[in-house]
Amino acid sequence: MSEEEEVQDGDQDPGDNTNGIQANGDILDGSDTEEGTFDPLMDEILLDVEGVVQNDPGFENPQTLEEILNETELTENWKDDTSVSGTPRKQYAIPAGGLDSDIGETLSVSSFGSRGTRSSQHSRDSGKLYGSIFRHVILKGISSQITSAAERVKAGTPTCMAATNLIAVGTQSAHIMVFDSNQVIRWFLGGPSVGVNYGAVSCLAFCGDSSRLLVGFARGQVMEFDMASGKILRDLKDVHPPGSAVVHLRYSDDYNVAFLADSGGSVFEINMTRGLRGAGASCRCIFSGSRGEVCTLEPLMMARQPDHPLALFSIIALATISKVIVITVKPRLKVLMTTSLVGDPCTLPLVCWQFVVIQNQFANKTNDPVLTFARENTMHFYQVSVNLSNKILFIPLQTVKVGFTLLSISWLNSRCLGLLDQNEHYHLMDVRTKDSLETVDLTQVELIYQTQFFKGLANGGNVSAAFSLAGEMAVYGSTAEFTNQILILGKKTFHALIIRTWIERLEHLIKDNRYIEALALGVEMWEDPGKSLVGLRGSKERKRAHISLRLMGILKKFLEISLTKNFPEEGGMGTLTKYFNDIVPPCISVCVKLNKIEFLFDRVWNSFQEDPFSCAVFLETLEPYILSDQLSVMPTLIVQKFVDHYEKREKFKALEACITHLDVMCLDIHQTMSVCERHDLFDAIIYIHNNAILDYITPAEKLLTILNRAISSGEPLTQQQITLGNKLLVYISGCLAGRAYPYGEVPKDRVKQVKYDIYSTITLIHSRLISSETENEPPYPHLHTLLFFDTQAFLNVLSIAFEEKEYQTEIGQSQKQRLVDLLLQVMVKDDSPFNPSQIGFLFTFLARQLAKGDNCLNISRDLFSRVLTVLTDPTETGHIEERQDALMDMIHSGGWDLFDEGQLEQSCARVGFYRVLRLIYSDKGDYSKVLDCYIKDDLRRNQSFNLIQSVFTDDTYNADVRAGITEQMLLNIESLIHVDSRKTALILFQFLPDRILTVLERVRGKDMYFEFLSHLLELGDGAEPGSPRKMMEEIFGAEIYEEYIELMCTNTPNAVIHYLKTKEKYRVDVVMNLCEKYSITDGKIYLLETEGKFNEAFEILKGLLEEKISACLNEEPTGMDIKLAGVNTQLLVVIQFCQRISGKLIEEERDRLWCVLLDLLGKPVAEASNSEPWREMIRHIVSSMLGHVGHKKVVSLVLSNPSCCSGTWSDIKQMLVELIDTFKYEQQLVQSGIQLQEKERTKQLRELVRLRKRGLHCAGALCAMCGLRLGGRVRSILFSCRHAFHVECVDRCGGVELSSSGEEVWTCVVCTPKLRMGNTRRVVLTGLGPTDDVEDESLEKSLSSWRQFNRPINYTSNAAESGSDSTGERGFFQSETFALRLKPARTNEV
C-alpha cells in the first residue's frame, strides 16, 4: 500500500467504510486495520460518543474562579447539545466521503508525522516524542477549483474565506466561490461586472444556518446572497458610505442584524428587513473611527445558550489599535468594559470568545464565556458573568506571554488555543499548563494576507498611518476555526488542521511500530485525562477506564511482537541488554501506573522470564517501585528470583533496602535470612525478626554480640563495625520510643512489650547466649558494650527514652533509677576501664536529669566530687580538652550547684581548665583573671582581644574593671604581641595611647618589636583627625620614625625606598647616614634628589652603571644575556632619573648630564664583540633625550659620536623619525592647550552673557528708600541684589558716580551703607549734566529712610539712639531683669 493510500484508508470508519466529520463537528475515529483491531466491547465503549454521562454531584479538585481554564471535564456533561468547548459547535458539514475522500498529497506542507516520517516538521516544546496531535490535510477539490478559476476566468488570487457547513472563497476579481461539504462548487457568484465597481472581495460571513452570505468589498460596498438560490438578496451599496474598505463582517444571533467594520476604523450595525418594496436595510454607526480605529470585532454568539443570563444582551467586542472595548448593542448601546492593549505598532489586536465550564469556590458549575484578546506576544483572559444585580462583570483570569509575535488566535476546544505567529508557524497551546503541545510549519501554504484592504489601496490609501502599519500582517479572513479543527486559506491550496482523537494518536504511533512512545503517551493521557484529548467523554474515572483498557490492549500486542517480530535477529550480549533495557521498563511502568499488578506478574513476567537478559532487566526494574512502596506485595517466586539475582550481582545495599520495603508475607524467610546473615544485612535481619517472628530481642543480642567481639579484640573498629554500632543505637532508640526499624511505627498493641524487651535486654547481668566468650564477661555486658562503643550517643538514647510517658509513672521512675544505678556501678569504680572523658559524659547525663527538677533520681553528691577528682587528675596528661569538655557539659547541664566552688577553682587551676576558670571568674566579676585565662589558653588566645575591646567599649563595665584589664594587659603585653601584634597595637592606639611609650620601652630589642612598631606607626599615620592622632603625633617624633627606618634597613631593606617616598616625618641627614651605613643606595639617591644634590645622585647612579658595564666586558660570554639585562635595567633607572631632574637644571648642566651618559655607553660599542645590544641602548638614550635636550644638540651629538651612529642611512633615518615624532607631539600639546583655553574662555563668556541677560525680579513693589510705589511714569532701577529704587532716590542718596572715563557707576545704597553724601556727585540722567543739590521734602524723606535703614543700634547702651524715647526712659532690654547679654554692637557709623 502506498504512503498516500495509508493516509486515506487509515481514517475510514469500520461501519460504513467512509471517512468524515460528524454533524456536530467531532472527528470520527479512524478505522482499525485488521492487525490493530481490539475486542469489540472496548471499541463499542470508546466509540460511544453519545453515551450517557454519569452524574457527578461533587468535584475531586474544586477550582477557584481564577482557574477557569483548568476544567478537565468536557461540556457534554453539562449540556447534551453543546460541543466540547461548551459553545454550539460550528457545523463544518463535510460529511462521509466529502473531505477525506479527496485528500491531496501533502507534499507542500509536512503532515507533522502523520505518516511517521523522520523529516516531519512537527515539534513539541515539551520535548516528548508522542507523535502528532494535528492531522494535516489539503482539500484537493477546493484547491483545484481555486486554481482553475484563477486560470480560466481570471478570478485572481484568493483574498478571504468563510466557512460553516459551506465554504466560501472570495477573490481579487470579485468572484465568490461557494463549495458544499463534498468540495463541489455550489455557486459561482460575483464576477468582473461586480469587481469593476466594487473592487476585490475583502471579507465574507455566513449566518448561523448558512442560508445567507454577506460579502464585503474593497471599495466599501456590501452584498447579501441567498445560499438556497444563489441570488442577490440585498445590494447594500447605499448602507455603508463608499471610500473605506469593508474589513470585517459578522452576523449576530439575529440573522437580520450584522456588524461591519471598515478601514476607517468605524463599526456599523446593519439591520436587514423585508418590506412592501422588497428586501431593505438600514445602518447606524455604533463606534466612530475618530475615537479610535477598530481593527477587529467579534460578537458573542448566544443562540445555543438561551438560558444563560447573557442571552438577553447583544454583546460585541471591539479592538482598536490601543484598546479593547466591549459594548452591548441590545437592549441599548452601552460600554461594558475598556482596557488598554499595548504592543508593537506593527501588530494587530486579536479577539475571540469561548464558553468554558467553570467551577467557583462554592463548588458550583457555571458555563460562562471567556473573552480572549491579544496583541504582539501577550494574551489576556477575562471571564464574563452576570451577578445577582443583573450587572455584567468582567473578571481577569490570567495573562500569558508567548515567545513569538501573534498573527491569529482561536479556541479549538475549552482547553486548547491555536496560535499563528509571524513566521507562519501554527502552535497548539494548552491553556492550563501554558505548554506548546505542537507546532506546524505553514510557510509553504503561502498564507493569504488582507494587507491591501487595511492600507486602503483600492480607495487611494485614505487610511491613517497607524492603521496601515498595523495591517501589514492582517490574516483575519484567512482562517476559520471549528471545534478541534481549523481551515486555512493559501494562495493556491486550501488546508485543514484537525486534532486527532486520543485513539488516533495512539494508533498513529502503533502503525509506525512506536509502541513504547504509544505507551508513554497513554500514561500521560491517563494521568491527565483532560489535556487536549478529543473523543473522550465522561467523568474522570470513566476516562481513565477507557484509557486503561486501550493501553492494556496495546501492551498485550507489544509483548507479543517484542519477542517475535521486533526481536533483534543478530547481535551479542550488549545488543540484547540494550534491547531489553528499552522495552522492559515501559511495560512495568504502565502496569504499576494503572495498578495492573496481576497482569505485571502474570503476562509481563511470563513474557520476559525465559530469557536471562530480559529476566535480569525485569527484576532490576522492580527496584525503584519497591523502594517507593508501589510494589510492596509480590509473588514469592518472583521475590526468590529477585533476592537470588541481587546476591549474584552483589548489590547488597539495594537488596537490603528492598527487603525492608516488602511485605514479609511474600518473602522466603529461610532464603532471605540466609542471604542476610552471609552478607551482614543487619537492617533486613532486624526487619524480618521484628515483622515475621515478632522478635525484638534476638536481633539486638546478635548485634551486641558482634559489636562486643569487635571491641574486645583491641583493634580499631572498621567502618563496617562503626556502621553496625550506629544501627544498633538507632534500633534501641526506636524501640524504646515505640518506633519501628528502619522506618514506621510499632503496632500499638505491642509497644509496651517492645519497650520492656529492649530495656531488659540492655540491663541483663549476663548474656543469654552461653559460650566460651561469655565466661569472663563483666556484669551487665550489654551496657559495657554500648558504653564502650559510644558513651555519649548511648546516653543520648537513654535521655530520649526517659522522655517517654512510661518513665513518668512510679514504676517507670524506679526503672530509670535502676538504670542510673547500673550505669554508675559499671563506670564509676576503682578499676573502671572507662577514661575520664567517658565518665564525664555519664555525669553530664546525670546532671541534665537532675536539672529537670522532678526529683525522681537519687544520686550522691560525693560521686560528683569523685568525678571532679578524676577529671582534674594532674598525673593524667592526655585528653585534656576532652576532660574539660566533659566538665563543661556537666556544669552547663545544671551541675554548677553540685560542686564546691573553691575545690572546683583549685582543681581546674591545677590542670589548666581555663574555660571552666573563665566561667568561675566571670561569675565573680573578676575580668582581669578572665583575661589572664584567655592569654594562658593556647587554643583561645585570640579571644583575649574581643574581651579587651568589649570592656573598653561597653558602658556596663566600670572604671575599676577597665583598670584591672589595663594592668593585666600590660603584664602580658609580650604574650599579646606574640599572639597578634596588629590587634595589640590597635587596642593601645584606641584605648591606651598614653601607655604606648612604656610598652615600647619594654619590648624594644625583642623579636616582635619591629612588627609591633610598624603597626603602631601605620595606625598613627592613617587615623582620622582627632585626639588619638594628636596624641600619637606628640608621642611619635622624628626619632621614632628614624628608629623604625633603621630597623627596616636591617629587616626589609627593599622596602626602605618606598617608605622614604611615602613618609616625611624624618630628618634627611640622619636617614642619609643610615642609608650609607646599611648600603641602601636607592634610598640615598632619593634623599640626594629631594635635597637638590642632583650631581651627587647622578654620580652614584653612574658608578652603579659603570660596574654593570665592566662586569659585562670582563666576564666570559656565558651568561652574557643576564648581564646585559642587568645593564639595561640600571640604564633605565639612570634615564628616568635624568628625565625627572632635567626640568630643574639649567641648559648647560642638563646637556652635560645627558652627554656623560651617552659617552658612558660609547666605550662598550668599540670593545664588545657584539655591539648591537649596546647600540640599541644608545638609541634608547637618544630617544629619551628628545624633549629635554635641544634638537640641534641631539643631532650634533649623534653625528659627531661614532658610537651613536654607524653612519648608515637607517640609523640617521630612525633618529630623524624620532625627532619628527617629538616635534609633532609638542605641536599637538601646544594646540591642545590652546584649544582648552579657548573652550574655557568661551564657556566663561557664555556664562557671563547668560547672567547679563537673565531677568531680575524685586522683593517688593515699593522703593526701598522713599517707600512709594514703583512704576508709573517715574523711572525705577533694579539691582541684582533684588533691591529696587526710584532713579531719583538712588541718585540723591549717592548711589551713582562717574568713573574716570565719565561712565555712570550705579551702586545699591542698601547693600553699600558706607556711601557718603558729601563724597558723591549728583548725576542727572536726563543728560543735562550735573546740577546743584536740591533739598526738598522728597529728598529729606529719602535720606531719612536711608539713614534709618543703615543706622547701627547698640542694645547695651543706656539710651538707644534709634527708636528710643526722647524722655530717656529705659526699655526692657536695659532693665535689670533682662539677664541676656548680647554681643557688642557694630563699630561702623553713619
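Preceding this section is the structure that the text describes.
About the cut-offs
- In this numbering scheme, every chain counts its residues from 1 along its sequence in written order.
- Given that this is a predicted model, residues contribute local features only at a pLDDT of at least 70 and side-chain atom pairs are listed and counted only at 80 or more, while totals for whole chains, interfaces and linings are drawn from all residues.
- Side-chain numbers come from the whole structure's heavy atoms, not from hydrogens or water.
- Numbering of helices and strands runs from the N terminus; a helix is a DSSP stretch of H or I covering at least four residues, while a strand is a stretch of E covering at least two.
- When a residue's accessible area, from a 1.4 Å probe over protein chains only, is under 20% of the maximum for its type it is buried; when over 50% it is exposed; and in between it is partly exposed.
- What sets the accessible areas is the Shrake-Rupley method with a 1.4 Å probe; for residues, cover comes only from the shown protein chains.
- Only when DSSP finds a minimum of two bridges between them are two strands counted as paired.
- Lines fitted to C-alpha atoms define the axes here, with helix axes fitted over just the stretch in contact, and angles between the N-to-C directions of these axes take values from 0 to 180 degrees.
- What a helix should span is 1.5 Å times the count of its residues minus one.
- Two N or O atoms form a polar contact when they lie within 3.5 Å of each other; inside protein one atom must be a possible hydrogen donor and the other a possible acceptor, and for residues adjacent in sequence the pair counts only when both atoms belong to side chains.
- Here a Phe, Tyr or Trp ring, Trp counted by its six-membered ring, pairs with any other such ring whose centre lies within 6.5 Å, and the pair is stacked when the planes are under 30 degrees apart, edge-to-face when over 60, and tilted otherwise.
- Whether a charge sits over a ring depends on NZ of Lys or CZ of Arg being within 6 Å of the ring centre and within 35 degrees of the ring normal.
- Grouping buried Ala, Val, Leu, Ile, Met, Phe, Trp, Tyr and Cys residues that are joined through side-chain atoms within 4.5 Å yields what is termed a nonpolar core.
- We call two residues in contact when some of their heavy atoms are within 4.5 Å.

Peer 1: Summarise the overall build of the protein chain; cite the residues concerned and give the values.
Peer 2: When its secondary structure is counted, the protein chain shows 48 helices and 33 strands. Here the protein chain holds 1390 residues, and 49% of them are scored as buried. Of the roughly 67,600 Å² that the protein chain leaves accessible, carbon and sulfur atoms contribute 51%.

Peer 1: Hey, could you go over the sheet that holds strand β23 (residues 406-411) for me, with residue numbers and the actual values?
Peer 2: Reading across from one edge, β23-β24-β25-β26 is the order of the four strands in this open sheet, with antiparallel pairing throughout. Sheet topology places β23 and β26 (435-441) at the edges, where each strand pairs with a single neighbour. Averaged over all adjacent pairs, the angle separating strand axes in this sheet is 20°, with direction ignored. Here strand β25 (residues 425-430) pairs with β26 via six bridges, running antiparallel. Within β26, the residue paired with Leu-428 across the bridge is Glu-438.

Peer 1: Break down helix α22 (residues 810-827) for me, with residues and values.
Peer 2: With 18 residues, α22 extends 26 Å from end C-alpha to end C-alpha; this agrees with the ideal 26 Å at 1.5 Å per step. Taken as a whole, α22 has its buried residues at Gly-812, Lys-816, Gln-817, Leu-819, Val-820, Leu-822, Leu-823, Leu-824, Val-826 and Met-827.

Peer 1: For unusual backbone geometry, give the residues involved together with the corresponding values.
Peer 2: Residue Pro-331 follows Lys-330 across a cis peptide bond; omega there is 5°. Examined against the element boundaries, Pro-331 turns out to sit in the loop between β17 (323-330) and β18 (334-340). Of the consecutive residues Tyr-741 and Pro-742, the connecting peptide bond is found in the cis state with omega at 5°. When you line up the elements, Pro-742 lands in the loop between α18 (719-737) and α19 (751-762). A positive phi is found at Glu-376, a non-glycine position, where the angle reads about 55°.

Peer 1: Explain the side chain of Asp-430 to me, and be specific about the residues and the numbers.
Peer 2: Turning to its location among the elements, Asp-430 is positioned in strand β25. Classification of Asp-430 by relative accessible area gives buried; the value is 0%. A polar side-chain atom of Asp-430 sits 3.0 Å from a polar atom in the side chain of Arg-415.

Peer 1: Tell me about the packing of aromatic side chains, and name the residues and values.
Peer 2: This structure, assessed with the given rule, holds 21 aromatic pairs. A ring pair is formed by Phe-454 and Tyr-476, whose centres lie 5.8 Å apart and whose planes are at 40°; its orientation type is tilted. Separated by 22 residues along the polypeptide, Phe-454 in helix α5 (residues 451-454) and Tyr-476 in the loop between α6 (465-470) and β27 (479-482) bring together distant segments of the chain. Classification of Phe-454 by relative accessible area gives buried; the value is 2%. Every member of this aromatic cluster is reached through a ring pair, and the members are Phe-454, Phe-467 and Tyr-476. Directly above the aromatic system of Trp-526 lies the positively charged group of Arg-544, at a separation of 4.2 Å from the ring centroid.

Peer 1: Explain the nonpolar core residue by residue, including any values.
Peer 2: Membership of the largest hydrophobic core comes to 225 residues, with the highest contact counts inside it found for Leu-555, Phe-618 and Phe-843. For this core, the leading source of residues is helix α10 (residues 573-593), giving ten residues. Not counting chain neighbours up to four residues away, the residues in contact with Phe-843 comprise Leu-824, Val-828, Leu-863, Phe-864, Val-867 and Met-890. The next biggest cluster of nonpolar side chains, apart from the first, holds 46 residues, and it includes Ile-325, Val-356, Ile-409 and Leu-419.

Peer 1: Describe in detail the sheet that holds strand β15 (residues 294-299), supporting the description with residues and values.
Peer 2: Spatially, four strands are ordered β15-β16-β17-β18 in an open sheet, and the strand pairing comes out antiparallel. Across the chains shown, the open sheet's two edge strands, defined by having one partner strand only, are β15 and β18. Averaged over all adjacent pairs, the angle separating strand axes in this sheet is 20°, with direction ignored.

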